[in-house]
Amino acid sequence: MTSRLDSDLLRTFVAVAETGNITKAAEHVRRTQSAVSMQIKRLEEQVGGPLFARGSRGVEITRRGDQLLSNARRIVSLMDETVAMLDAPALDGKVRIGIPEEYGQRTLSRALGAFSKRQPNVEVTVRYGFSADHFAKVRNGELDLAVIFEWQDFSEGEILMTDPTVWVTSELHRMHEERPLPIALYGSSGWCRNFAVRSLEQRGIDYRVAYVSDTNGGLKLAVTSGLAIAPISRSNIPEDCRALSHEDGFGDIDASHVVLHRNPAAKGAAVNGMAAAMREAFSATQPALS
């Protein structure tokens, strides 16, 4: 194995791994299919083994490729961040963001990390809360940007991704098999009554409210500890848990869009930069939903 790896080859490798398809990867890196195939072959020569095997729907990553993937992603991400940092003009000012709690750990942290490297002099304020509250605050000028769920009345905001809500159960405790069914709900959300509870009633499932929380973290705790099942966005299912499907007698609760709203008066370059960083972060989250 060579001691030096070509960064361009790593970028192509990541594109193929994430799309599972040579054609789609070629579009992503703006090369021809034959060029992508040749790059993957060169990288396989460098690492001393096959990175992909042909599958029924494209290509499947090998064990060797899986070992390389996480480091390759970090290298490509660091290169992109470095280029963006060098190219971006220095900004200052303030940006106020509202976002649902469930996107704080993974998606928002990615956006803030990328933005802070590019614009360290911008002061960022983040509020976690419910969509209705954030929508009101961005309208009255208390927030510059707000990420909200839209599950019924779709607005003209920018759709960042589609993230349906599902009933989630613990693989360890299997509470979905109990009757009456123990469920966990938000304590102050009309959505729970109009969508989550109604989805059970429409299927004729006898239930009892076993746990009430004001946070998404509380709902996940109820599931992982074996107290109840809970309505959780598909991208946010905890470890050792799974979505309850139609085969289980459940199915999706809604078809939520995750939408970015902007205060019309917030027109500064700092707000533009943060909106772009959030857009990129949610775009990176989307493939996990497939």
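Here the structure is a predicted model, which is why all the values come from computation and not from measurement. (Residues numbered from 1 in each chain as written. Predicted model: local features only at pLDDT ≥ 70, side-chain atom pairs only at ≥ 80, totals over all residues. Heavy atoms only, no water.)

Peer 1: How should I be thinking about the layout of surface pockets in this particular structure?
Peer 2: One water molecule sets the probe size; rolling that probe over the atoms shows where empty space is left. Of the volumes computed, that of the second largest pocket is approximately 500 Å³. Those elements that provide at least two residues to the lining of the second largest pocket are α6 (131-139), β5 (145-150), α7 (190-202) and β10 (230-233). Counted by class, the lining of the second largest pocket contains twelve nonpolar, ten polar and four charged residues. (1 Å grid on protein atoms, 1.4 Å probe; cavity = no way out; pocket = protein on both sides within 12 Å on 5 of 7 lines; lining within 4 Å. Points joined across faces, edges and corners; volume = space filled by probe spheres on them. Helix = DSSP H or I, 4+ residues; strand = E, 2+ residues; numbered from the N terminus. Nonpolar A, V, L, I, M, F, W, Y, C, P; charged D, E, K, R; others polar.)

Peer 1: Mind showing me how you'd approach the environment of aspartate 66 here?
Peer 2: On the secondary structure map, aspartate 66 appears in helix α4 (residues 63-87). Since its relative accessible area comes to 49%, aspartate 66 is described here as partly exposed. Residues aspartate 66 and phenylalanine 52, spaced 14 residues apart in sequence, show a C-alpha to C-alpha distance of 9.3 Å. (Buried < 20%, exposed > 50% of the residue type's maximum accessible area, 1.4 Å probe, protein only.)

Peer 1: Whenever I open this one, the state of the cysteines confuses me. Can you help?
Peer 2: In the structure shown here, the tally under the stated rule is zero disulfides. As a non-bridged cysteine, cysteine 192 has cysteine 241 as the owner of its nearest cysteine sulfur, 17 Å distant. A relative accessible area of 2% means that cysteine 192 is categorised as buried. Classification of cysteine 241 by relative accessible area gives buried; the value is 13%. (Disulfide = S-S within 2.5 Å.)

Peer 1: Sorry if this is basic, but what is going on with the packing of helix α1 (residues 7-19) against helix α2 (residues 22-29) here?
Peer 2: The axes of two packed helices give the description: the angle between them and the distance between them. Orientation of α1 relative to α2, taken along the N-to-C sense of each, is 135°, at an axis distance of 8 Å. When the axis of α1 is compared with that of α2, the two are oblique. You can see that α1 and α2 cross each other, and the crossing is right-handed. Residue-level inspection shows Arg11, Thr12, Ala15, Val16 and Thr19 of α1 in contact with α2, the latter providing Ile22, Lys24, Ala25, His28 and Val29. Broken down by class, the residue content of the contact of α1 with α2 amounts to five nonpolar, three polar and two charged. (Axes fitted to C-alpha atoms, helices over the stretch in contact; angles between N-to-C directions. Parallel < 35°, antiparallel > 145°, perpendicular 65-115°, else oblique. Left-handed = near helix turned anticlockwise from the far one by under 90°. Contact = heavy atoms within 4.5 Å.)

Peer 1: How do you make sense of unusual backbone geometry when you look at a structure like this?
Peer 2: Glycine aside, residues mostly have negative phi, and peptide bonds are mostly found in the trans state. Omega for the peptide link from arginine 179 to proline 180 comes to 0°, which places this bond in the cis form. Mapped onto the elements, proline 180 comes out in the loop between β7 (165-170) and β8 (181-186). Positive phi, normally seen in glycine, also occurs at arginine 30, with a value near 60°. Structurally, arginine 30 can be placed in the loop between α2 and α3 (33-47). Exposure remark for arginine 30: the relative accessible area of 79% places this residue in the exposed category. In this model, aspartate 240 sits at a positive phi of 65°, which is unusual for a non-glycine residue. What makes aspartate 240 partly exposed here is its relative accessible area of 46%.

Peer 1: What should I look at first to understand the UniProt feature "domain: HTH lysR-type" (unreviewed entry) in the chain in this one?
Peer 2: The UniProt entry lists residues 5-62 under the feature "domain: HTH lysR-type" (unreviewed entry), expressed in the numbering used here. Between the end C-alpha atoms of residues 5-62 the distance is 18 Å, and the span holds 62% helix and 14% strand. (UniProt positions renumbered as here; feature names shortened; annotations may be inferred.)

Peer 1: Please clarify how helix α5 (residues 104-118) should be interpreted in this entry.
Peer 2: Along an α-helix, a turn takes 3.6 residues, which lines up residues three or four apart on a common side. The terminal C-alpha atoms of α5, which comprises 15 residues, lie 20 Å apart, in line with the 21 Å expected from a rise of 1.5 Å per residue. Taken together, the buried positions of α5 are occupied by Gly104, Thr107, Leu108, Ala111, Ala114, Phe115 and Arg118. (Expected span 1.5 Å × (residues − 1).)

Peer 1: I tried to follow the packing of aromatic side chains on my own but got confused; where do I start?
Peer 2: By convention here, two paired aromatic rings are described through the distance between centres and the angle between planes. The final tally for this structure, using the stated rule, is four aromatic pairs. Judged by centre distance (5.5 Å) and plane angle (50°), the ring pair of phenylalanine 13 and phenylalanine 52 falls under tilted. Linking phenylalanine 13 in helix α1 with phenylalanine 52 in strand β1 (residues 52-55), this pair joins segments that are 39 residues apart in sequence. Accessibility classification places phenylalanine 13 together with phenylalanine 52 in one group, the buried group. Ring centres 5.3 Å apart and planes at 65° place the aromatic pair tyrosine 103 and phenylalanine 282 in the edge-to-face group. On the criterion of sequence distance, the pair formed by tyrosine 103 in the loop between β3 (93-99) and α5 and phenylalanine 282 in helix α9 (residues 269-285) is long-range, its members being 179 residues apart. Through pairs of rings, three or more aromatic residues link up here, namely Tyr103, Phe149 and Phe282. (Phe/Tyr/Trp six-rings, centres within 6.5 Å; stacked < 30°, edge-to-face > 60°.)

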